[in-house]
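Coordinates in review
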Amino acid sequence: MGGKPFTAYHQSLIEQAENQELNPETWFMPQLFCQLSPLPAANTDKNLFQRTNGNVKVSVLSSERVPAGGLVRLLLAWLTTQAKRQKSPELAIDTSQSQFLKSLGLSNSGRYAALLHEQVNRLARSTFQIERVVGNGVEIENILVSRKALISMRHGKNSSWSSTISLDEEFYQSILSNAVPVSAHAIKALTKNPLAIDFYCWWNWRVHSMSRRRQIEIPLDALKLQFSSETKERRDFRRKLENAAILASIFHHEIFNSTLFQSDKLIITKTNPHIAPK
């Protein structure tokens, strides 16, 4: 893999990856979000967002704006991890703003608090619709992340975040049965690059699901529909995805060693995911 020149951002990721080795921490991401990458990377004013993955179309519908960016991915991983650890769909955020932001690896700033608060609101108001072509018909599945939410309207430097989120029961059961283990350090560090988070999570799910296959080849055009409907040219998308893969490989070197980008396809050789499912 090629990529952009080495920068201070890369150095900060390396330092956080070194901390990962010293203080490993496992988080989890819903399999749906690893497999289909349904969220937009850039902020949007739209209340409908769609992506395609083979014969599957994913639509995100919101009564306001659809959730987007790195912070909502970070939030999803945190919610999934808490549900998995507590073995309960009832999740409470009952702490100070500074403590909550610190648990997410964020600085205690009004900007982060406001952005995160907005993404909580968007996620709680969203439905994920999955359409699959089955024979001569279409199977439609509606997925809710949150069945009910009580979200504090206050956010400020010394505010207390007294909010509760009740996960939808089916979504919660899917977390218990097939959530994908990921590195907390990787998710926190890559928040500024949503595509890198998506690739990291997708690669881990894909490698685990390869079973006995030694190698898989995936057309770049198919990956473009899944990861970046906003990028028009294949070569531009390939460059963006390759850079995302390089950032992800800082936290798990096997991503670099087992992934080959060619002009029209991506080849992955069978290896171990970053964190093996138990």
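Whatever comes next refers back to the structure up there.
The present account deals with the structure reproduced in this document. Every chain is numbered independently, its residues counted from 1 as its sequence is written. The predicted origin of the model limits local features to residues at a pLDDT of at least 70 and limits the giving and counting of side-chain atom pairs to 80 or more, whereas totals for whole chains, interfaces and linings rest on all residues. Neither water nor hydrogens contribute to the side-chain values; these are computed over all heavy atoms in the structure.

What follows covers the sheet that holds strand β10 (residues 215–219). Here a strand pair is declared whenever DSSP counts at least two bridges between the two strands. Under the DSSP-based scheme used, a helix requires at least four consecutive residues in state H or I and a strand at least two consecutive residues in state E, with every element numbered from the N terminus. Strand order across the open sheet formed by three strands is β10-β12-β11, with antiparallel pairing between neighbours. Whereas interior strands pair on both sides, the edge strands pair on one side only; in this sheet they are β10 and β11 (259–261). On average, each strand axis in the sheet is inclined to that of its neighbour by 15°, with strand direction left out of account. In the sheet, β11 pairs with strand β12 (residues 265–269) via three bridges, with the strands oriented antiparallel. Its bridge partner being in β12, threonine 259 is matched across the sheet by isoleucine 268. Only the stretch in contact is used when a helix axis is fitted, and all axes are lines through C-alpha atoms; the angle between N-to-C directions ranges over 0 to 180 degrees.

Glancing now at the side chain of histidine 185. Tracing the backbone through its elements, the reader meets histidine 185 in helix α7 (residues 184–189). The rule is simple: take the accessible area with a 1.4 Å probe, protein chains only, and divide by the maximum for that residue type; under 20% is buried, over 50% is exposed, in between is partly exposed. The exposure class assigned to histidine 185 is buried, which follows from its relative accessible area of 14%. Of the polar contacts made by the side chain of histidine 185, one reaches the backbone oxygen of asparagine 23; its length is 2.6 Å. If we ignore the near neighbours within four places in the chain, the residues touching histidine 185 are Gln16, Asn19, Gln20, Asn23, Pro24, Glu25 and Phe251. Whenever a nitrogen or oxygen atom comes within 3.5 Å of another N or O atom, the pair is scored as a polar contact, on the condition that within protein one atom can donate a hydrogen and the other can accept it, and that pairs from neighbouring residues in sequence are kept only if both atoms are in side chains. Working rule for contacts: check all heavy atoms of both residues, and any pair within 4.5 Å makes them a contact.

What follows deals with the environment of asparagine 243. Within the secondary structure, asparagine 243 is located in helix α10 (residues 234–249). Owing to a relative accessible area of 13%, asparagine 243 belongs among the buried residues under this scheme. Note: C-alpha distance between asparagine 243 and serine 96 (147 residues apart in sequence) is 36 Å.

Turning our eyes to something else, we now look at the sheet that holds strand β2 (residues 48–53). Taken together, four strands build an open sheet; the order of strands is β2-β3-β5-β6 and the sheet is antiparallel. Edge positions in the open sheet fall to β2 and β6 (137–144), since each of these has one partner strand only. Neighbour-to-neighbour, the strand axes of the sheet open up by a mean angle of 20°, direction not taken into account. Pairing geometry for strand β3 (residues 56–62) and strand β5 (residues 126–134), over seven bridges, is antiparallel. Bridge pairing in β5 links leucine 61 to threonine 127.

Alternating positions in β10 separate cleanly, Ile216 and Ile218 being buried on one face and Gln215, Glu217 and Pro219 remaining unburied on the opposite face. Where β10 meets β12, five bridges bridge the pair, whose relative direction is antiparallel. Considered in β12, the bridge of isoleucine 216 is made with isoleucine 268.

Attention now goes to the layout of surface pockets. Put simply, the grid is 1 Å and covers the protein atoms alone, a cavity is a trapped set of points that fit a 1.4 Å probe, a pocket is an open set with protein on both sides within 12 Å along at least five of seven lines, and lining residues have an atom within 4 Å of a point. Grid points are joined across faces, edges and corners, and a volume is the space filled by probe spheres set on the points. Here the largest pocket is characterised by a volume of approximately 550 Å³. Lining the largest pocket we find 26 residues, and of these Gly70, Leu71, Tyr112, Thr191 and Lys192 sit closest to its centre. The set of elements that each furnish at least two residues to the lining of the largest pocket consists of α1 (8–22), α3 (70–86), α5 (110–124) and α7. Of all the elements, α5 adds the most residues to the lining of the largest pocket, at five residues. Each residue is assigned to one of three groups, with Ala, Val, Leu, Ile, Met, Phe, Trp, Tyr, Cys and Pro labelled nonpolar, Asp, Glu, Lys and Arg labelled charged, and all others, Gly among them, labelled polar. Each residue belonging to the lining of the largest pocket can be placed in one class, and the counts come to eleven nonpolar, ten polar and five charged. Each pocket or cavity is described by its volume, and for the second largest pocket that value is around 350 Å³. Lining the second largest pocket are 18 residues, with Leu32, Arg132, Glu141, Ile143 and Ser174 sitting closest to its centre. Among the secondary structure elements, those contributing two or more residues to the lining of the second largest pocket are α2 (31–36), β5, β6 and α6 (169–178). Take the lining of the second largest pocket: its biggest share by element is five residues, from α6. Across the lining of the second largest pocket, the residue classes break down as nine nonpolar, five polar and four charged.

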